[in-house]
Amino acid sequence: MVGSIPGRYRLELRQLRYFVAVARERNFTRAAELLHIAQPPLSRQIQQLEEELGAILVERGSRPIRLTDAGRLFYEQAVQVLERVEEIKLMTRRAHEAGRLHFSIGFVGSTLYGYLPEVIRSYRAARPTVDITLLELTTLEQIAALKEGRIDVGFGRIPFEDPKIERQVLRNEKLCAALPASHPLQARRRPLRLAELANEPLVVYPKAPRPSYADQVLALFRARDLKPSMIHEVRELQTALGLVAAETGVCLVPAGVERLRRDNVVYRHLDEDQAFSPIIFSTRKDDPSPEIELILSLIHEIYRREGIILGK
C-alpha cells in the first residue's frame, strides 16, 4: 500500500512512526508519551496523514481506539517500511565502519521477556569495544538474515531445517494463557486446561511469515481435537495483548511474557503436556567466530546459575 501511494503525497517517515505508535498503543496519550511529543500535535499528524491518503485510519470514538480496515492494512505496510529503513541504515553504517568489530543479534520479541537481556548485558560487559546491533525478526526472517550476513546469531522459536544453518535448542519455555481481566476463568488459581479455552476466540501471532509461533499454538489445539470459536491473526505480541485487553479473545504466550504487565490482562498457567515453545539458537554453519562461542558460554553460565538444564 505504502509503495503504491501517488507522488503528490508527501508522506514522511515521521508520520509512519507516529501512526505505528498509535496503532500499537491503541491510545493517543500513551503513544504521545512514547514519542516524547504532546498529544495535540500527534493527533494533527494522524489527521493530516488521513487527509493525504483520503482514508480514515483510526476509529477515534472507541476505547481503546481501533483501526479501520484501511488502517490495519496501512499499519502492516508501514511496519515493513520502517523495518526496511532500519535495515538500510544498519547496512550503511556497517559499510562505513568496516574497520570496527560488529556483532548482530536477531531475536523474536517474546525472548526479551526471558534471559536474552541478561545474555546481552553479559556480552556487552565482556566485549565493551564491540558494536552490538539488535534486530527483531521472526524465526524465518532470521534464517534469511543469517544467510545474507545481516545478523551473526538468532534467537527464534520455530524448528526449521536448512543445510546452511546450525540450530540448537536452548530450553523449552512453558506457555500460559493471557486472559481479559474480566474473564470468568481469571478467578481460578489452578492451572487451566486447553479444553476450557476451546470455545473462546483465540488471538495468535505473528500472522506472517508462516510457519510461525502461531502454528505452534494452533497445533496444540488440533492435537487435542479442539477448535477455537474464532481465530484472530495479528502481526506481533503487543497487538495480540492489546486485543486480549479489549476482550476480543484469549492468547497463549510464553511464560516469560508474564513479566509484561498490561492493563486489563491477566496470565494463568496451563496444565497441558507439550504446552511449551522452544528457544532456538541459530548461527551460520561452521561459523568460526569466537563471539559465538562467547555467547554460548555466557548462556551456559546464566542457565547454571538459574538451575536451567540446557535443551530441556
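Note that this is a predicted model, so its numbers are computed, not measured.

Procedures and definitions
Residues numbered from 1 in each chain as written. Predicted model: local features only at pLDDT ≥ 70, side-chain atom pairs only at ≥ 80, totals over all residues. Heavy atoms only, no water. Helix = DSSP H or I, 4+ residues; strand = E, 2+ residues; numbered from the N terminus. Buried < 20%, exposed > 50% of the residue type's maximum accessible area, 1.4 Å probe, protein only. Contact = heavy atoms within 4.5 Å. 1 Å grid on protein atoms, 1.4 Å probe; cavity = no way out; pocket = protein on both sides within 12 Å on 5 of 7 lines; lining within 4 Å. Points joined across faces, edges and corners; volume = space filled by probe spheres on them. Nonpolar A, V, L, I, M, F, W, Y, C, P; charged D, E, K, R; others polar. Axes fitted to C-alpha atoms, helices over the stretch in contact; angles between N-to-C directions. Parallel < 35°, antiparallel > 145°, perpendicular 65-115°, else oblique. Phe/Tyr/Trp six-rings, centres within 6.5 Å; stacked < 30°, edge-to-face > 60°. Pairing = 2+ DSSP bridges.

Colleague: Which residues make up the environment of Gln39, and what values do they have?
Modeller: Structurally, the position occupied by Gln39 is in helix α3 (residues 39-53). Look at Gln39 and you get partly exposed, because its relative accessible area is 34%. Put simply, Gln39 and Thr139 are 100 residues apart on the chain and 36 Å apart in space, counted from C-alpha to C-alpha. Sequence-distant contacts of Gln39, defined by excluding residues within four places in its chain, comprise Phe28, Thr29 and Ala32.

Colleague: Kindly report on empty space enclosed by the protein, identifying the contributing residues and their values.
Modeller: Taking a probe equal in size to a water molecule and rolling it over the atoms shows the remaining empty space. Applying the stated criterion to the full structure yields one cavity of 30 Å³ or more. Taken as a whole, the largest cavity holds about 90 Å³ of empty space. Around the largest cavity, the lining residues are Thr111, Tyr115, Leu116, Val119, Phe155, Leu170, Arg171, Ile279, Ile299 and Tyr303. Elements with a contribution of two residues or more to the lining of the largest cavity: α5 (116-126), β6 (165-180) and α9 (290-306). In terms of residue class, the lining of the largest cavity is made up of eight nonpolar, one polar and one charged.

Colleague: Could you give an account of the packing of helix α2 (residues 28-35) against α3, with specific residues and numbers?
Modeller: Between α2 and α3, the least distance of the axes is 9 Å, while the angle of their chain directions is 105°. The orientation of α2 with respect to α3, classified from their angle, is roughly perpendicular. When α2 is examined against α3, the residues Phe28, Thr29, Ala31, Ala32 and Leu35 are found in contact with a partner set consisting of Gln39, Leu42, Ser43 and Ile46. The class makeup of the residues in the contact of α2 with α3 is six nonpolar, three polar and no charged.

Colleague: Could you give an account of the packing of aromatic side chains, naming the residues involved and the relevant values?
Modeller: Tallied over the full model, the rule gives five aromatic pairs. With a centroid separation of 5.3 Å and an interplanar angle of 75°, the aromatic rings of Phe19 and Phe74 are classed as edge-to-face. Separated by 55 residues along the polypeptide, Phe19 in helix α1 (residues 13-25) and Phe74 in helix α4 (residues 69-96) bring together distant segments of the chain. A relative accessible area of 0% places Phe19 in the buried class. On the accessibility criterion, Phe74 (0% relative accessible area) is buried. A ring pair is formed by Tyr205 and Tyr213, whose centres lie 5.1 Å apart and whose planes are at 40°; its orientation type is tilted. There is no split in this pair, since Tyr205 and Tyr213 are both buried.

Colleague: Could you give an account of the layout of surface pockets, naming the residues involved and the relevant values?
Modeller: Of the pockets and cavities examined, the largest pocket occupies roughly 1,200 Å³. Elements represented by at least two residues in the lining of the largest pocket include exactly α1, α2, α4, β4 (131-136), α6 (139-148) and α8 (237-245). The dominant element in the lining of the largest pocket, judged by the number of residues it contributes, is α4, at seven residues. Along the lines of polarity and charge, the residues of the lining of the largest pocket split into 23 nonpolar, seven polar and 13 charged. The space that makes up the second largest pocket amounts to roughly 460 Å³. As for the second largest pocket, its lining consists of 20 residues, of which Arg26, Arg72, Val234, Thr239 and Leu243 are closest to the centre. Looking at the lining of the second largest pocket, the elements with two or more residues in it are β2 (66-67), α4, β8 (230-233) and α8. Counting residues per element, the lining of the second largest pocket draws most heavily on α4, which supplies four residues. Split into classes, the residues belonging to the lining of the second largest pocket amount to nine nonpolar, four polar and seven charged.

Colleague: Tell me what's going on with unusual backbone geometry, and back it up with residues and numbers.
Modeller: Cis geometry is found at the peptide bond from Tyr205 to Pro206, where omega equals -10°. The peptide bond linking Arg210 to Pro211 adopts the cis configuration, its omega dihedral lying at 0°. By the element assignment, Pro211 lies in the loop between β7 (201-204) and α7 (213-223). In this structure, His36 takes a positive phi of about 60° despite not being glycine. Look at His36 and you get exposed, because its relative accessible area is 73%. For Glu247, which is not glycine, the phi torsion reads 65° and is therefore positive. Within the secondary structure layout, Glu247 lies in the loop between α8 and β9 (251-254). Judged by its relative accessible area of 54%, Glu247 is exposed.

Colleague: Explain the pairing of β6 to me, using residue names and the numbers behind them.
Modeller: With nine bridges joining them, β6 and strand β11 (residues 276-284) adopt antiparallel strand pairing. Across the sheet, residue Arg171 finds its bridge partner in β11, namely Ile279. Pairing between β6 and β9: four bridges, direction antiparallel. Bridging across to β9, Leu175 finds its partner in Pro254. As defined by bridge partners, β6 adjoins strand β10 (residues 265-269) across five bridges and the pair is classed as antiparallel. Among the inter-strand pairings, Leu179 is bridged to a residue of β10, identified as Val266.

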